Amino acid sequence: MSNKSLKPDLSFWQIWNLSFGFLGVQMGFALQNGNVSRILQNLGADVHHLGYFWLAAPIAGIIIQPIIGGASDFTWNKLGRRIPYIIGGAICATLAMFLMPKAEIFISLIPPMIFGGIMLLFMDASFNVTFQPFRALVGDMVNDKQRDLGYSVQSFLINTGQVVGSALPFFLANVLGLSQKLADGQKVSDNVVWSFYIGGATLMIAVLWTAFRTKEYPPKEYAKYNNIDLEAKEESKNEDSFIKTLLSSPKVMIQLAAVQLCSWVAFYFMWVYSTPAIAQHIWNTVDTKSEEYNQAGDWVGMMFAAYSLSAALFSVIMPSLIKLTSRKIVYAGALVCGGIGLISISYINDQYLLLIPMVGVGIAWTAILAMPFSILSENLPAEKMGVYMGIFNITIAGPQIIAGLSGGFISSTFFEGNTVGLLTMAGAILILGAFCVSLVSDQKKA
């Protein structure tokens, strides 16, 4: 029998507080996903080159998340282990969100495209600094029995933040009456500018809530709960190289990589190309400065809000479905739902009916956010939770780099420049990912 001391059960509200900051971070991330493509186009980016700008996100993730993860494994101060990095990333992300929509102030000093690329890189780097410690924090604090609940609550908060962030530009324009039009010299409409301001403030407030409401286990207590030899851990800090750690990665991490490849290529295509696709498919325009194009952009925000709402609701019932069936059945079924949803977009010609396939997309998104981390964290050594979570981010960032480099070429070569074809292709890739789930072993290693 193992001499490992079990972590205590946490109350629901303790688990809630662990991830509450993710609500604000994901609100900011949703505003980026739904609006940065049209901001970049207004700054002069060609639609077929958008994927290159969005490479900032995965490149930042590959570099930053393993570094932050490894550093946080060996950090301890008055704020805790993970929380100092979460707060630091949130401060930078908030600053980036305040600056991004004010392009017209800076382009007199910096060429517009360079400004757009720098701000996207800064914003993504900041988000990445916060993402990894939040995921590791749940792995640190919850026991095996509550692991699925912990990541499902995190998924619910992530998607609630996405609902608010995605819908905010549409709400500010159509309910509060902020302008969707671009005045002379203006690069970002008023409703989008104020959405970024509100999102940045909410991000900071939510992260501070987690910081002040969560007490991480101090080193000795954490070591006791996870059967860690603190002296051996200190030696490994000095002796273990990144390459050695990478080569000793758990087998399940490799198995999950195939599913991650399909999942993140598909969602990257959706995030980057939905606005030009829907503008062309429903509003019959490719003029990025037209009011119709901005209406399409705001409606894409509503579509993203719909899938995020669906994801938030599905995250509530997902733990029960896992108990009735298995992780793998729920995981694969969710990806199929998302694939069908994306494929159906090209067959729909009414903007309101486009909300229906987003239900399936949201179900897939819930599984993508929760399942890999729940499976993985159960098979990771507790003393290296942060660095392995950071390394695992390669399976998120790598597929996005592939999609970013290939999306424009695929659109122009196979779909005659009509980016709605990329959404159809994304749906097929998600269904392929469902088949890859069968390669994954979700049994905890002995």
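See the structure shown above.
The following paragraphs examine the structure supplied in this document. (Residues numbered from 1 in each chain as written. Predicted model: local features only at pLDDT ≥ 70, side-chain atom pairs only at ≥ 80, totals over all residues. Heavy atoms only, no water.)

1. Quick word on the overall build of the protein chain
Part 1 of the reasoning: Helices and strands together make up the secondary structure of the protein chain, namely 18 helices and zero strands.
Part 2 of the reasoning: In the protein chain, which comprises 446 residues, the share counted as buried stands at 61%.
Part 3 of the reasoning: Of the contacts made within the protein chain by residues no fewer than 6 positions apart, 83% connect residues no fewer than 24 positions apart.
Part 4 of the reasoning: Taken as a whole, the protein chain presents about 17,400 Å² of accessible surface, with 66% of it coming from carbon and sulfur. (Helix = DSSP H or I, 4+ residues; strand = E, 2+ residues; numbered from the N terminus. Buried < 20%, exposed > 50% of the residue type's maximum accessible area, 1.4 Å probe, protein only. Contact = heavy atoms within 4.5 Å. Areas by Shrake-Rupley, 256 points an atom, 1.4 Å probe, with all protein chains shown as cover.)

2. Looking at the pattern of salt bridges
Part 1 of the reasoning: On inspection of all chains with the given rule, the structure shows two salt bridges.
Part 2 of the reasoning: Here Lys145 makes a salt bridge to Asp9, at a shortest N to O gap of 2.9 Å. Taken together, the residues span a long stretch of sequence, with Lys145 in the loop between α6 (112–141) and α7 (147–174) and Asp9 in the segment before α1 (12–42) at a distance of 136 residues.
Part 3 of the reasoning: Relative accessible area serves as the criterion here: at 65%, Lys145 is assigned to the exposed category.
Part 4 of the reasoning: Using a relative accessible area of 44% as the deciding quantity, one classes Asp9 as partly exposed. (Salt bridge = Lys/Arg side-chain N within 4 Å of Asp/Glu carboxyl O.)

3. Describing a nonpolar patch on the surface
Part 1 of the reasoning: Among the surface-exposed residues, Val316, Ile317, Leu321 and Leu324 lie close enough to one another that they form a single nonpolar patch of about 380 Å² accessible area.
Part 2 of the reasoning: By the secondary structure assignment, Ile317 is in helix α13 (residues 291–324).
Part 3 of the reasoning: In this structure Ile317 comes out as partly exposed when scored by relative accessible area, which is 44%. (Patch = residues over 30% accessible without salt bridge, like charges linked within 9 Å, V, L, I, M, F, W, Y side chains within 5 Å.)

4. Considering the side chain of Asn191
Part 1 of the reasoning: On the secondary structure map, Asn191 appears in helix α8 (residues 190–213).
Part 2 of the reasoning: A residue is classified by how much of its surface remains accessible, and Asn191, at 0% relative accessible area, is buried.
Part 3 of the reasoning: For Asn191, the side chain forms a polar contact with the main-chain oxygen of Pro169, separated by 2.9 Å.
Part 4 of the reasoning: With near-sequence residues (within four places) excluded, Asn191 lies in contact with Pro169, Leu172, Ala173, Leu178, Ser179, Gln180 and Asp298. (Polar contact = N/O pair within 3.5 Å; in protein donor to acceptor, adjacent residues only side chain to side chain.)

5. Overview of the packing of α1 against α8
Part 1 of the reasoning: Two elements in contact, α1 and α8, have axes separated by 7 Å at closest approach and are oriented at 160°. One element, α1, and the other, α8, form an angle in the roughly antiparallel class. As α1 packs across α8, the resulting crossing turns out to be left-handed.
Part 2 of the reasoning: A breakdown of the residues in the contact of α1 with α8 according to their chemical character gives 13 nonpolar, ten polar and two charged. (Axes fitted to C-alpha atoms, helices over the stretch in contact; angles between N-to-C directions. Parallel < 35°, antiparallel > 145°, perpendicular 65-115°, else oblique. Left-handed = near helix turned anticlockwise from the far one by under 90°. Nonpolar A, V, L, I, M, F, W, Y, C, P; charged D, E, K, R; others polar.)

6. Description of the state of the cysteines
Part 1 of the reasoning: Going through the model one piece at a time under the given rule, you end up with zero disulfides.
Part 2 of the reasoning: Cysteine Cys436 shares no disulfide, and the gap to the nearest cysteine sulfur, in Cys262, comes to 4.4 Å.
Part 3 of the reasoning: Its relative accessible area of 14% is what places Cys436 among the buried residues. (Disulfide = S-S within 2.5 Å.)

7. Observations concerning the environment of Leu439
Part 1 of the reasoning: Relative to the elements of secondary structure, Leu439 occurs in the segment after α18 (420–436).
Part 2 of the reasoning: With a relative accessible area of 54%, Leu439 lands in the exposed category.
Part 3 of the reasoning: Between the alpha carbons of Leu439 and Gln255 there is a distance of 6.1 Å; along the sequence they are 184 residues apart.

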